[in-house]
Amino acid sequence: MASGQQWVLVEMVQAFYEAPAYHLILEGILILWIIRLLFSKTYKLQETNKLTEKEKEELIEEWQPDPLVPLVSKDHPSLSYDIVTGPPSHKIIINGKECINFASFNFLGLLDNDRVKQKALTSLKTYGVGTCGPRGFYGTFDVHLELESRLAKFMKTEEAIIYSYGFATIASAIPAYSKRGDIVFVDEAACFSIQKGLQASRSVIKYFKHNDMEDLDRLLKEQQLEDHKNPRKAKVTRRFIVVEGLYMNTADICPLPELVKMKYKYKVRIFLEESLSFGVLGEHGRGVTEHFGVNIDDIDLISANMENAIASIGGFCCGRSFVIDHQRLSGQGYCFSASLPPMLAAAAIEALDIMEEDPEIFTVLREKCTSVYHALQGTPGLKLVGVPLSPSLHLQLERSSGSRDTDQRTLRRIVDYCLEREVALTIARYLEKEERYLPPPTIRVLVTVEQTDEEIQKAVSCIKEAALAVIS
Amino acid sequence: MVRTSTMVLNGNLTVQMNQTILQNGKQRKNGHVNGEKRTNFPAAKGVSCRQYSPESFEQAPMYVAVLTYLGFGIVTLFGYFRDFLRAVGLEKCHLAQEREEQKEFVPMYQDFENFYTRNLYMRVRDNWNRPICSLPGPAFDLMERVSDDYNWTFRLTGKTIENVINMGSYNYLGFAENNEDFLKTVADKTLQYGVGVCSSRQEVGNLSSHEELERLVADFLGVESAMTFGMGFATNSMNIPALVSKGCLILSDELNHTSLILGARLSGATIRVFKHNNMHSLEKLLREAVCSGQPRTHRPWRKILIMVEGIYSMEGSVARLPEIVALKKKYKAYLYLDEAHSIGAVGPTGRGVTELFRLNPADVDVMMGTFTKSFGASGGYIAGNKELVNYLRSHSHCAVYATAMCPPVVEQIVRAMKCIMGVDGNTVGIQRIRQLAENTRYFRSRLKEMGFIIYGNDSSPVVPILLYMPGKVVAFSRAMLARKIGVVVVGFPATPITEARARFCLSAAHTRAMLDKVLHHLNEVGDDLCLKFSRRKISPRPSLFNETDFELDS
């Protein structure tokens, strides 16, 4: 065996000697080539593509960013604000002119209420102004706990949680529950804070036509079909319907009983934004659930702010503890923001007291709303948008000129005309490029219990006069 | 590293800055320097580098990290065990349950989502959300609460624990006060205006007092113009989307506050994160961004916005502003500075980090801050040049959709700010700023002497003491409360898992006696619980502390 192997080796060496030189050279080159291929990098292309330091410097030198903000022209309609001197209560002084206030969300007139002021003052003397900390770090005051339990009691729910700013309430509440991959069905007319909450949640968002239950039904059915295709995914996809009680943008009421039926039919949870309806609708001001007589436990989460009817600052969510408690660790605006100044919470408690003591106030408000609603019908050139029960109505141009700017200016002229005659109104403001479904330009007409019948008469005739003068 | 120094040389940086950038080469995860001190040098042009503000992030011994993980491991195992017991019905579940009618719905929460809350947080949650029933001043009264079911529910006993020293509130300048003379104007405003506004700024919520406040803020900060908003959190989350949008790049410090992150996310801009206060990391990102443009399309970025905080509230570190300004100038980026914790609290006259580093406020494009902390009120501001503020007035989400700031709060801010500025010749404000600086220096150096590992800048009134292990965090907080000292402790997920800490916020209203009491107890508790992890040799106590104590008038 060994000798045989040796023989082969000898033969090889011999063959090596006998082979022609060109052959050996060729083989040698091939071997070297293989070695080179083995050790060289595969992608040489990129290397040549890489920028040299000098080129980088040039690029840096060359790059010109956009200005931080575009220049705003001096006559931009929303640049110069109307200046209000003095409290914006029943009477309001706008740009030096005292007017009857039809422009503030002070529905129950609690802004100017002495009891509320005194309560805030007492609180100020004990607690100072700021809380100097978030709820978790010594920013929970006895006043906050009291307000939370009072709100829960008022709304007849298990638990309530307060936020220090109205806008942040629903905007924080939605992303606390709805995460990436979950599905939210939302009304097209939903207000801006809902839109921001949805955006922060990164969920799949499906818009249905405003108050159109058939459209919602269609979307839910589509989703059901989708679920049948992928039952495993469907098992972990949470779904929510987000609606407003009384819509900020359209001044009408959501069809809550039908929504609740849908909820159980398709197993979707309902989040209800009641910033306008809380303290307005219902016999005791509990909002749209009371208005329709819907069991409040059927609504998974209700959120509202305390900046309209309550006339303080802040917002709250209420519902079952199973739902609400989750926000104490997951609501960003709750955990990471300083808590509500105690004096504002104290004022809200007093406002709740007043609402509980005298539910008559809601009847008065309803009557005023209805009378304003009926009186404003038939304003020349203007269409009244909303329902009779809504204290926040919109006046929209009957015939749009086609240009939003022109419409806006026309409406502004009407507002100015009324301001001259001591009736304060305001244009409803929107960020035109940010809104998902931009509402048409409108004048806001806000009804409060403080307005007397004569004042309402005066305002209505003033608006009609203005419309006649400006539009025709 | 050589490349780094050539990179910055044609910026207007000084040689010192190159050194600091080179030092960053030693940096480890989370931007913590191993071992020795990290040093900041201001690099502003024409300013002498007298200001010297060392920052330290000492690393704990190895065994600490091992024990910390072990601790978490044990409680997690126990958590699984108890979940098992609950599943088989041997242990009662105290959590609120879903209604019977909705059991068929897709579960509201995934089981694992709440594992941490259910099994770890529940055991220790008596250390947070402690309700108080007095002013959040230098000392406060806590409402005593007990739990009969291991923290699942709490019951208020109706008793109060009085005079607990408050080391948790952000009351830096002591403006959380209820002295009737000081609050007279605030009380007047309350009586005149009530507490709400019931409208947004763009509609009819723009009170003349808002405009007055905004002029004052601009004046205070030394910038052209300012705008104020009703909530500090919302100031960030609702204004950043107005400034940047798709096609823009945000470079954000990894430890930025949630409100900044939320604002960045809502804006639709691309977000990239750089290591905490790490200039090397920031420059690398900037350079890459400018050179390679947007991903996929390779179009150049429309603009680049660097977002940093003045003082980081969990770290106690101060943004390395001179270097950031130099970088932003070189790469033509814009700078968004969140001074929530630093405004009023640092700088010789309380003007924040720009003053601390003697920079021109005009070098910072967007100056943001809040009124919650140093001013003892609520709300926030954004200040800068006239174009910026005009744009925000017409395009800020806050101005259009959110209720304006309420008048008593406006008055509180005006009062506090005027006091700090010494408008009517008073010196109370400046005394408080000095007192805070003095307290900070005293407290920090005593802690170092005792052998605690503390993080952050020597001039930062936020003082985190590292406790590391989850068990110690809880024991520490309870032990301190038993000694009538209210502290804030934070752990995972607010901090990295191995870096749980207690955070002390100093206030000008703390007297030397209070601080001494706190330090005395800290020393004892530190020994009891073995919290003194530092391995540094501390030089004998320097003679910086003179015994003259600035007492506040209030």
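Since the structure is predicted, the reported quantities are computational estimates derived from the model, not experimental observations.

J.: Looking at this structure, I do not really get the overall build of chain A. What am I missing?
T.: On a plain count of helices and strands, chain A comes out with 20 helices and 15 strands. A globule of 472 residues ought to have a C-alpha radius of gyration of about 23 Å, yet chain A, at 34 Å, is considerably larger. Dimensions of chain A, computed from C-alpha atoms along their principal axes, come out at roughly 125 × 50 × 50 Å. Taken over 472 residues, chain A has a buried fraction of 57%. Looking at chain A as shown, the accessible area adds up to about 20,800 Å², and 56% of this sits on carbon and sulfur atoms. Mean positive and mean negative side-chain charge positions of chain A (54 and 64 charges, respectively) differ by 3 Å.

J.: Would you take a moment to explain the sheet that holds strand E8 (residues 269-273) of chain A for this structure?
T.: Neighbouring strands of a sheet are bound in pairs by backbone hydrogen bonds; such pairs are parallel or else antiparallel. All names here are of chain A. Read across the open sheet, the 7 strands follow the order E4-E10-E9-E8-E7-E5-E6; overall the sheet is mixed. Looking at strand neighbours, the two that pair on one side only are strand E4 (159-163) and strand E6 (204-208), the edges of this open sheet. Ignoring strand direction, the axes of neighbouring strands in this sheet form an average angle of 20 degrees. Strand direction decides the pairing type here: strand E7 (residues 239-244) and E8, joined by 5 bridges, are parallel. Across the sheet, the residue bridging to Glu-244 is Glu-273, located in E8.

J.: When you look at the nonpolar core in this model, what are you seeing that I'm missing?
T.: In terms of nonpolar packing, the biggest core is built from 279 residues, with B:Phe443, B:Phe476, B:Phe504 and B:Leu522 touching the most fellow members. Not counting the four nearest positions on each side in its chain, B:Phe476 is found in contact with B:Leu467, B:Val487, B:Val489, B:Ala502, B:Phe504, B:Leu522, B:Val525, B:Leu529 and B:Leu531.

J.: What is the right way to read the packing of aromatic side chains from this model?
T.: The geometry of an aromatic ring pair is captured by the separation of the ring centres together with the interplanar angle, meaning the angle of the planes. Considering all chains together, one arrives at 27 aromatic pairs over all chains under this definition. With a centroid separation of 6.3 Å and 50 degrees between ring planes, the pair formed by A:Phe167 and A:Phe192 is classed as tilted. With a gap of 25 residues between them, A:Phe167 in helix H8 (residues 166-177) and A:Phe192 in helix H9 (residues 192-201) connect regions that are remote in the sequence. Each member of the pair A:Phe167 and A:Phe192 is classed as buried. With a centroid separation of 5.5 Å and 70 degrees between ring planes, the pair formed by A:Tyr177 and A:Phe271 is classed as edge-to-face. Of the two residues, A:Tyr177 sits in helix H8 while A:Phe271 sits in strand E8, which places them 94 residues apart along the sequence. The pair A:Tyr177 / A:Phe271 is uniform in exposure class, with both members buried. An aromatic cluster of at least three residues, connected via ring pairs, comprises A:Tyr177, A:Phe240, A:Phe271, A:Phe322 and B:Tyr109. Lying over the aromatic face of B:Phe154, B:Arg145 brings its terminal NZ or CZ to 4.1 Å of the ring centre. The ring of B:Tyr170 carries B:Lys373 above its face, with NZ or CZ at 5.4 Å from the centroid.

J.: It is not clear to me how the pairing of strand E5 (residues 249-253) of chain B should be interpreted in this structure. Could you clarify?
T.: The two faces of a sheet get side chains in turn, since along a regular strand they alternate between them. Residues and elements named next belong to chain B. Of all 5 residues in E5, 5 are buried; the element is thus mostly enclosed. Side chains of E5 alternate between two faces, with Leu-249, Leu-251 and Asp-253 and Ile-250 and Ser-252 buried alike. Both E5 and strand E6 (residues 270-274) contribute to a ladder of 5 bridges, which runs parallel. Opposite Leu-249, over in E6, you have Thr-270 as the bridge partner. Where the polypeptide runs from E5 across helix H8 (residues 258-267) and back to E6, its parallel neighbour, the crossover connection is right-handed. Taken together, the 4 bridges between E5 and strand E7 (residues 304-309) define a ladder with parallel strand orientation. Across the sheet, the residue bridging to Leu-249 is Ile-304, located in E7.

J.: Help me understand the confidence of the model for chain B, please; the structure alone is not making it clear to me.
T.: For any part of a model where pLDDT is low, the fine detail of the predicted coordinates should not be relied upon. Residue and element names in this part refer to chain B. With 87% of its residues at a pLDDT of 70 or more, chain B has an overall mean of 87. This model gives residues 1-52 a pLDDT under 50, and the stretch forms 100 contacts once residues within four places in sequence are excluded. This stretch, residues 542-554, has a pLDDT under 50; its non-local contacts, to residues over four places away or in other chains, come to 21 contacts. In the predicted complex, the global pTM is 0.88; the interface-specific ipTM is 0.88.

The rules we used
Residues numbered from 1 in each chain as written. Chains lettered and ligands numbered in written order. Predicted model: local features only at pLDDT ≥ 70, side-chain atom pairs only at ≥ 80, totals over all residues. Heavy atoms only, no water. Helix = DSSP H or I, 4+ residues; strand = E, 2+ residues; numbered from the N terminus. Rg over C-alpha atoms; globule rule 2.2 N^0.38 Å. Buried < 20%, exposed > 50% of the residue type's maximum accessible area, 1.4 Å probe, protein only. Areas by Shrake-Rupley, 256 points an atom, 1.4 Å probe, with all protein chains shown as cover. Lys, Arg positive; Asp, Glu negative; His and termini not counted. Charge placed at Lys NZ, Arg CZ, Asp CG, Glu CD. Pairing = 2+ DSSP bridges. Axes fitted to C-alpha atoms, helices over the stretch in contact; angles between N-to-C directions. Core = buried A, V, L, I, M, F, W, Y, C linked by side-chain atoms within 4.5 Å. Contact = heavy atoms within 4.5 Å. Phe/Tyr/Trp six-rings, centres within 6.5 Å; stacked < 30°, edge-to-face > 60°. Lys NZ or Arg CZ within 6 Å of the ring centre and 35° of its normal. Right-handed = clockwise from strand over helix to strand, strands pointing away. pLDDT = per-residue confidence, 0-100.

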